[in-house]
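Structure assessment
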Amino acid sequence: MRVLGIETSCDETGVALYDTDRGLLSDALYSQVAMHADFGGVVPELASRDHVRKLLPLIDTVLCEAGLTRSELDGIAYTAGPGLVGALMVGASTAHGMARALGIPVLGVHHMEGHLLAPMLEETPPEFPFVALLVSGGHTQLIKVEGIGQYTLLGESVDDAAGEAFDKVAKMLSLPYPGGPSVSKLAESGTEGRFRFPRPMTDRPGLDFSFSGLKTHTLTTLKTLESNGTLDEQARADVAWAFEDAVVDTLAIKCRRALKETGYTRLVVAGGVSANRRLRRYLSDVMTKQSAHVFYPDLRFCTDNGAMIALAGALRMKAGEHDHATMFTTPRWPLAELHPPGFQKA
Ligand code: ATP
Ligand code: MG
Ligand code: FE
């Protein structure tokens, strides 16, 4: 089954073709980051308009790269939520319009399910069951995954997401958006151990996270250095190092706990923050020590992309799922409640 996947939930227009027999056939991505840079964050209306401009040309690109025509598609999957509603509508209406014209099934998929399944695009995909750490711009969650669509929330951030904390710390350091890669780059020249930042909520049982206090601690440290007149380039790098260290260590502590609690030996780490090299290195070390395996998406499939949506859609459509007449989008959608109102299995 050949499925076209469309991702337009935020500021990336992602399109891909996934074949359930042959794997990923082609994928294309257009990032709006430069357009939103002047505003210090994503401007929803500009995002929607740009998706309108880029989506159809990108669909032609992936079809051309795979040597296929529209009539050779067996289904279309789009991100139905969570995300910016105007941006989601562009993907949803395009998918529904095309599917109607071609007479093929169409399915709205959950953006975080896309992130969660992205490691399955790799050569050695994780087997079920596993624990998934979803770390992105809007989510920090630990999920018990027993199979496709069988997701139980084990814990999540009670305030900021890890990626959001990276973005806010980048702002404090006057670094460009998105903050993850820029904070990480600065941290590379940081001094190990000059500062030690708190590991929030690790001193008590449970699998929830909190990153808001860590962000405030970072700001306070920067302000103290500034008032002392010691906030030079090295001090900024040392702060970035300590912040990244605290995030990585906190995530690793909770992952270890989640594996212990479930008795599972496989961990999947996905979402934009899973591109963080230090997190990947550290988690791989920690997990090897306890004979567990960690699975990551390829670096280009950590942040938003069409391939993960094509994959998630293809797996579900192969199992017989599809949208009925109505197009569906929702800005808020808990992963544990995957089936939208009015959902009917085909
Ligand atoms: P969500 O998936 O929760 O709806 P989103 O789609 O905006 O949110 P993603 O595209 O998955 O999020 O990831 C973007 C986030 O990942 C940003 O917050 C960004 O700073 C962060 N990020 C990207 N690369 C890195 C990195 N190397 N280190 C840390 N964080 C990173
Ligand atoms: Mg993005
Ligand atoms: Fe995302």
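Note that the structure is predicted; figures quoted are calculated from it, not measured.

What counts, and at which threshold
Residues numbered from 1 in each chain as written. Chains lettered and ligands numbered in written order. Predicted model: local features only at pLDDT ≥ 70, side-chain atom pairs only at ≥ 80, totals over all residues. Heavy atoms only, no water. Near = heavy atom within 4 Å. Polar contact = N/O pair within 3.5 Å; in protein donor to acceptor, adjacent residues only side chain to side chain. Areas by Shrake-Rupley, 256 points an atom, 1.4 Å probe, with all protein chains shown as cover. Helix = DSSP H or I, 4+ residues; strand = E, 2+ residues; numbered from the N terminus. Nonpolar A, V, L, I, M, F, W, Y, C, P; charged D, E, K, R; others polar. Contact = heavy atoms within 4.5 Å. Core = buried A, V, L, I, M, F, W, Y, C linked by side-chain atoms within 4.5 Å. Buried < 20%, exposed > 50% of the residue type's maximum accessible area, 1.4 Å probe, protein only. Donors = N, O, S within 2.8 Å, 3.2 Å for Na, K, Ca; no water. Pairing = 2+ DSSP bridges. pLDDT = per-residue confidence, 0-100. UniProt positions renumbered as here; feature names shortened; annotations may be inferred.

Let's talk about the site of ligand 1
In the vicinity of ligand 1 lie 21 residues, with Ser136, Gly138, His139, Asp167 and Asp304 positioned nearest. In this structure, an oxygen atom belonging to ligand 1 sits 3.0 Å away from a main-chain N or O atom of Gly137. At 3.0 Å, a backbone N or O of Gly272 approaches an oxygen atom of ligand 1. If ligand 1 stood free it would expose 650 Å²; the protein chains cover 89% of that surface. Of all elements in the fold, only helix H4 (111-117), helix H5 (162-172) and helix H6 (179-187) reach the threshold of two or more residues within the shell around ligand 1. Here the residues of the shell around ligand 1 are counted per class, giving six nonpolar, 13 polar and two charged.

Focus: the side chain of His36
Topologically, His36 is positioned in helix H1 (residues 33-37). A distance of 2.8 Å separates polar atoms of two side chains, one belonging to His36 and the other to Gln32. Excluding residues that lie within four positions of it along the chain, His36 makes contacts with Asp11, Gly41, Val42, Val43, Leu46 and Ala47.

Considerations on the nonpolar core
Leu4, Ile76 and Leu116 are the most contacted members of the largest nonpolar core, which totals 56 residues. Per element, the largest residue contribution to this core is eight residues, and it comes from helix H10 (residues 306-318). Excluding residues that lie within four positions of it along the chain, Leu4 makes contacts with Val15, Ala16, Leu17, Ile59, Val62, Leu73, Gly75, Ile76, Ala77, Met98 and Ala310. The next biggest cluster of nonpolar side chains, apart from the first, holds 48 residues, and it includes Val131, Phe197, Ala237 and Ala242.

Section: the coordination of the iron ion (ligand 3)
Note on metal sites: the ideal angle is 109.5 degrees for four tetrahedral donors, and 90 or 180 degrees for six octahedral donors. Within the protein, His111 (NE2), His115 (NE2) and Asp304 (OD) serve as the donor atoms for the iron ion (ligand 3), at 2.1 Å. Sequence spacing among the residues donating to the iron ion (ligand 3) works out to H-x3-H-x188-D. You can see His111 and its partner His115 sitting in helix H4, four residues apart, about one turn around the helix. On the basis of relative accessible area, His111 is assigned to the buried category, the value being 6%. A residue is classified by how much of its surface remains accessible, and His115, at 2% relative accessible area, is buried.

Let's talk about the pairing of strand S3 (residues 23-31)
Examined bridge by bridge, strand S2 (residues 12-19) and S3 share eight bridges and lie antiparallel to one another. Residue pairing in the sheet places Glu12 in a bridge with Ser31 of S3.

Here we look at the confidence of the model for the protein
For the protein, the average pLDDT comes to 95, and 97% of its residues sit at 70 or higher. Scored as a complex, the prediction yields pTM 0.95 and ipTM 0.99.

Notes on the UniProt feature "binding site: Fe cation" (unreviewed entry) in the protein
In the numbering used here, UniProt assigns the feature "binding site: Fe cation" (unreviewed entry) to His111, His115 and Asp304. Considering the C-alpha atoms alone, the annotated residues occupy 194 residues of sequence yet fold into one spot, their largest mutual distance being 8.7 Å. Once you skip the residues sitting within four places of it in the chain, His111 turns out to touch Glu7, Ser9, Thr79, Gly81, Pro82, Asp304, Met308 and Ile309. Within the secondary structure, Asp304 sits in the loop between strand S10 (293-295) and H10. Residue classification places Asp304 among the buried positions, given a relative accessible area of 13%. Contact partners of Asp304, with chain neighbours within four places excluded, come to Glu7, Ser9, Cys10, Glu12, Leu29, His111 and His115. Polar side-chain contacts of Asp304 include one of 3.1 Å to the side chain of His111.

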